[in-house]
Amino acid sequence: MKPISGKASFSVLLGAAFLMATSSIGPGFMLQTAAFTGELRADFAFAIVVSVIFSIIAQLNVWTIIAVSKMRGQDISNKVLPGLGYVVAFLISLGGLAFNIGNIGGASMGLNIVLGLDTTWGAAISGIIGILLFTSKKMGGVLDNTAKILGTIMLILIGYIAIVTEPPVGQAITHAVLPDTIPWFATITLIGGTVGGYITFSGGHRLIDAGITGQEHLDDVRRSAFMGMTVDAIVRILLFLAVLGVVTMGFTLDPKNPAGSAFLLGAGEMGHLIFGIVFFCAAITSVVGAAYTSVSFLKTLLPIVERNEKLTIMAFIFLSTLILIFLGKPAVLLILAGSVNGLILPVTLAVMLIATKKTSIVGDYKHSPVLFYLGWVVVLVTSYIGVTSLEGIKKLLG
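Description of the structure in this document.

Definitions and limits used
Sequence order sets the numbering: in each chain, residues are counted from 1 along the sequence as written. In keeping with the predicted nature of the model, local features appear solely for residues at pLDDT of at least 70, side-chain atom pairs appear and are counted solely at 80 or more, and the whole-chain, interface and lining totals rest on all residues. In computing side-chain values, all of the structure's heavy atoms are included and hydrogens and water are not. Each nonpolar core is a collection of buried residues, namely Ala, Val, Leu, Ile, Met, Phe, Trp, Tyr and Cys, held together in the definition by side-chain atoms within 4.5 Å. Residue exposure (1.4 Å probe, protein chains only): buried if accessible area is under 20% of the type maximum, exposed if over 50%, otherwise partly exposed. The helix count covers DSSP runs of H or I at least four residues long, the strand count covers runs of E at least two residues long, and both are numbered beginning at the N terminus. Residue contacts follow a heavy-atom distance rule, with two residues in contact if any of their heavy atoms lie within 4.5 Å. Two aromatic rings, drawn from Phe, Tyr or Trp (for Trp, its six-membered ring), form a pair once their centres lie within 6.5 Å of each other, and the interplanar angle then sorts them: stacked below 30 degrees, edge-to-face above 60, tilted otherwise. To sit over a ring, a charge needs its Lys NZ or Arg CZ within 6 Å of the ring centre and within 35 degrees of the ring normal.

### A look at the nonpolar core
Within the largest apolar cluster, 58 residues are counted, with the highest numbers of intra-cluster contacts made by Trp63, Ile76, Leu207 and Leu349. Sorting elements by how many residues they give to this core places helix α3 (residues 44-69) first, with twelve residues. Ignoring sequence-local partners within four residues, the contact set of Trp63 consists of Ala16, Ala17, Met20, Thr200, Gly203, Gly204, Leu207, Val221, Ser224 and Ala225. Listed in part, the 50 residues of the second largest apolar core include Ala21, Ala34, Phe44 and Ala262.

### Digging into the environment of Pro179
Relative to the elements of secondary structure, Pro179 occurs in the loop between α8 (169-177) and α9 (184-195). Looking at Pro179, the relative accessible area reads 16%, which means it is buried. The contact partners of Pro179, leaving out residues within four places of it in the chain, are Asp43 and Phe46.

### Structural notes on the packing of aromatic side chains
The final tally for this structure, using the stated rule, is eight aromatic pairs. Their ring planes at 85° and their centres at 5.2 Å tell us that Phe372 and Tyr373 sit as a pair that is edge-to-face. On the basis of relative accessible area, Tyr373 is assigned to the exposed category, the value being 57%. Chaining the aromatic ring pairs together yields one cluster made of Phe36, Phe44 and Phe240. Lying over the aromatic face of Phe372, Lys357 brings its terminal NZ or CZ to 4.4 Å of the ring centre.

### Some points on the side chain of His175
Examined against the element boundaries, His175 turns out to sit in helix α8. Among the residues examined, His175 registers a relative accessible area of 11% and is labelled buried. If near-sequence neighbours (up to four positions away) are discounted, His175 is found in contact with Ala42, Asp43, Ala45, Phe46 and Asp180.

Here it is, written out as structure tokens:
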């Protein structure tokens, strides 16, 4: 595929950045951030800073190797160890399907708040919206624009709530560096949610589809990665500050819906309406990101998927919607997929780091030693997170 350039190129770079960022910012992210902020208050700023640092290291390593090799994650995995790519693709697709069930549920909840729709109808409409986004002949452009537009809406609305609640910004900055108590559990949980599963590969795979690859485009690829991580970090910080402002005022969040109650307590009924809009945007962009990236892991391994990529993506969303409507949230599948998902990043990042030493994959490219060794630090820490996540399986079987 011939590389694109100029304004179109920047639009794709920005679209890939927002695709990665909005894939990370789903319903689970919002509820998790609000819950931890309610519990830890300003100390949660430390967890956010550490998770952002780990995300930068992981994303730069992965995006760089994808760009230089001009191969997707599964194909690089097969080059490093024949057959591994099939295992990785299966795990990521399974995790993407399971979490998409939750994303459809989140979009349904958003529509219920904004329009008063029954959650079943909300789920059906959300699934249809997700499917319709992939019917365009210019799928890549629609994907980019959806991520950019809805991501921008989230930024503006969460920023507004953060201003209204008047959070103690100075205190948050201080605790980001010197917390009263280091929130280790929250930190490792946030790292797993920030760079786990398919999220790390979403932007890199989008750039391959757009033809922006090779060492000659490495600066552009890294610029896109930095833009995505910046958007992700800003949304995380603004949401944290918005909730921090609410709990600092003395309010107690509803444990069943900590994020929604924070918006309601901080800005009244208007705040609750804004939460519904933001929750819907976060959910539908995650639906799109999960479906697109999960299928991108299958299409070079299964010719039938490559020939029918858009239909496969639509079927992926359709299946997620059906499971939610008729089975609800299957706890067994979600727990198993969540536990397996925690093991994906250390495996895939380790594969990427090994790939930097193979000329059959990267040619004459010389990878940054700093990124290389810091990458292995992330592998070790996320391996611990992955092993910890297996507790879910123990609880399930117990």
